[in-house]
Amino acid sequence: MNQIKLVVLDMAGTTVQDQHEVEHCFKLAAQKNGLHSSDERILALQGYAKLYVFTLLWTEQVGEGDPRITELAAKSYADFKEILENHYRTQPVYPTEGCLVLFEALHAKGIKIALTTGFYREVADIILGRLGWVPSLDASSGIHLSVTPDEVNGEGRPSPAMIYYAMEKLGIADLSEVLNVGDTPVDLAFGKNAGVGIALGVCNGTHTREQLEGHPNDGLIEKISDVLTYV
């Protein structure tokens, strides 16, 4: 049995219920700005920092080197932020199945909990506030830390920077003591790029088992509380 001391969890789709709301908000912003991308393409880019995604999709649409790309991406991203923040401020927000059970069990075992996300800090804080998950390094319930790309110079997944940041803040020096979980292919790449002891995919979020199983992983679980079989 691995001696896991830190569990790093994705937010939307992993610990926070996501009925494809993020994709919907993203598509509304894209359509508003004349950016055409399929639902499949948007889904495939779930988990990445959203400004990066807009930049990538605009590059695909207008061609690499087009001088308008930066401006188009910035405008689309600004509209996305407004739409997304309004959604999370006004619509119910719920934890995923098994999430609270997992939190309680990890606390009982003395294992630290960090949430990472492709969201920027403001919207992450809206979600955390709605759920009552106020991060505290000495928390006895809820989570110990929340990390967004804002905290690591904008380095979103699949860069391992957010995992390394969480380890530093929570006093974990050994990557073999870290378990990472997410519901997208880039979450799996995130954990593998960091070199964590265990990188898991959860199959009841935005991606199915079939969509995840072709990507390098150390296991696929049906719900987030199944992490307990690994710790």
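Preceding this section is the structure that the text describes.
Bear in mind that the values here come from a model prediction, so they are computed numbers and not experimental data. (Residues numbered from 1 in each chain as written. Predicted model: local features only at pLDDT ≥ 70, side-chain atom pairs only at ≥ 80, totals over all residues. Heavy atoms only, no water.)

Draft legend 1. Quick look at empty space enclosed by the protein. This model, assessed by the stated rule, comprises two cavities of 30 Å³ or more. The space that makes up the largest cavity amounts to roughly 100 Å³. Every residue lining the largest cavity is counted, 14 residues in all, and those nearest its centre are Asp-10, Ala-12, Gln-46, Gly-47 and Lys-50. Grouping the constituent residues of the lining of the largest cavity by class yields three nonpolar, six polar and five charged. There is about 40 Å³ of room inside the second largest cavity. Taken together, Phe-26, Ile-42, Leu-45, Gln-46, Lys-50 and Val-53 make up the full set of residues lining the second largest cavity. (1 Å grid on protein atoms, 1.4 Å probe; cavity = no way out; pocket = protein on both sides within 12 Å on 5 of 7 lines; lining within 4 Å. Points joined across faces, edges and corners; volume = space filled by probe spheres on them. Nonpolar A, V, L, I, M, F, W, Y, C, P; charged D, E, K, R; others polar.)

Draft legend 2. Layout of the side chain of Ser-146. Note on placement: Ser-146 falls in strand β3 (residues 145–147). In this structure Ser-146 comes out as buried when scored by relative accessible area, which is 7%. When neighbours within four sequence positions are excluded, Ser-146 is seen to be in contact with Leu-115, Arg-121, Leu-128, Pro-135 and Glu-151. (Helix = DSSP H or I, 4+ residues; strand = E, 2+ residues; numbered from the N terminus. Buried < 20%, exposed > 50% of the residue type's maximum accessible area, 1.4 Å probe, protein only. Contact = heavy atoms within 4.5 Å.)

Draft legend 3. Region of interest: the packing of helix α1 (residues 21–32) against helix α4 (residues 69–90). Put simply, α1 and α4 touch, their axes get as near as 8 Å, and they point 140 degrees apart. Of the possible angle classes, the one that applies to α1 and α4 is oblique. For the crossing formed where α1 meets α4, the hand is right-handed. Residue-level inspection shows Glu-21, Val-22, Cys-25, Phe-26, Leu-28, Ala-29 and Lys-32 of α1 in contact with α4, the latter providing Ser-76, Asp-79, Phe-80, Ile-83, Leu-84, His-87 and Tyr-88. (Axes fitted to C-alpha atoms, helices over the stretch in contact; angles between N-to-C directions. Parallel < 35°, antiparallel > 145°, perpendicular 65-115°, else oblique. Left-handed = near helix turned anticlockwise from the far one by under 90°.)

Draft legend 4. Structural context of unusual backbone geometry. With an omega of 10 degrees, the peptide bond running from Arg-157 to Pro-158 counts as cis. Of note, Pro-158 is situated in the loop between β3 and α7 (161–170). Within the chain, Asn-153 stands out as a residue other than glycine whose phi angle is a positive 60 degrees. With respect to the secondary-structure elements, Asn-153 resides in the loop between β3 and α7.

Draft legend 5. Quick look at the sheet that holds strand β4 (residues 178–182). Spatial ordering of the open sheet is given by β3-β2-β1-β4-β5-β6, a layout of six strands whose pairing is parallel. Among the strands making up the open sheet, the edge pair consists of β3 and β6 (220–221). Of the strand pairs in this sheet, strand β2 (residues 112–116) and β3 are connected by three bridges, and their pairing is parallel. Pairing of Ala-114 across the sheet is with Leu-145, part of β3. (Pairing = 2+ DSSP bridges.)

Draft legend 6. Seen up close, the environment of His-215. Position of His-215 relative to the elements: it lies in the loop between α9 (209–212) and β6. On the basis of relative accessibility, which here comes to 33%, the residue His-215 falls in the partly exposed class. Through-space distance from the C-alpha of His-215 to that of Thr-184 is 9.6 Å; in sequence the pair is 31 residues apart. In contact with His-215, other than residues within four places in its own chain, are Pro-185 and Leu-188.

Draft legend 7. Quick peek at helix α8 (residues 185–194). Of all the ten residues making up α8, seven are buried; the element is thus mostly covered by neighbouring parts of the structure. Residues Pro-185, Val-186, Asp-187, Leu-188, Phe-190, Gly-191 and Ala-194 constitute the buried set of α8. Along its buried surface, α8 packs onto β1 (6–10), β2, α7, β4, β5 (198–202) and α9.

Draft legend 8. Examining the environment of Thr-184 more closely. Relative to the helices and strands, Thr-184 resides in the loop between β4 and α8. In the structure, Thr-184 is positioned twelve residues away from Val-196 in sequence and 17 Å away in space, judged by C-alpha atoms. Beyond its immediate sequence surroundings of up to four residues, Thr-184 is in contact with Gln-46, Gly-47, Thr-206, His-207 and Leu-212.

Draft legend 9. Main features of the layout of surface pockets. One number sums up the size of the largest pocket: a volume of about 160 Å³. Lining the largest pocket are Ala-49, Lys-50, Leu-51, Tyr-52, Tyr-77, Gly-118, Tyr-120, Pro-149, Asp-150 and Gly-154. Residue contributions to the lining of the largest pocket peak at three residues, all from helix α3 (residues 50–62). Here the lining of the largest pocket is built from residues that sort into six nonpolar, two polar and two charged.

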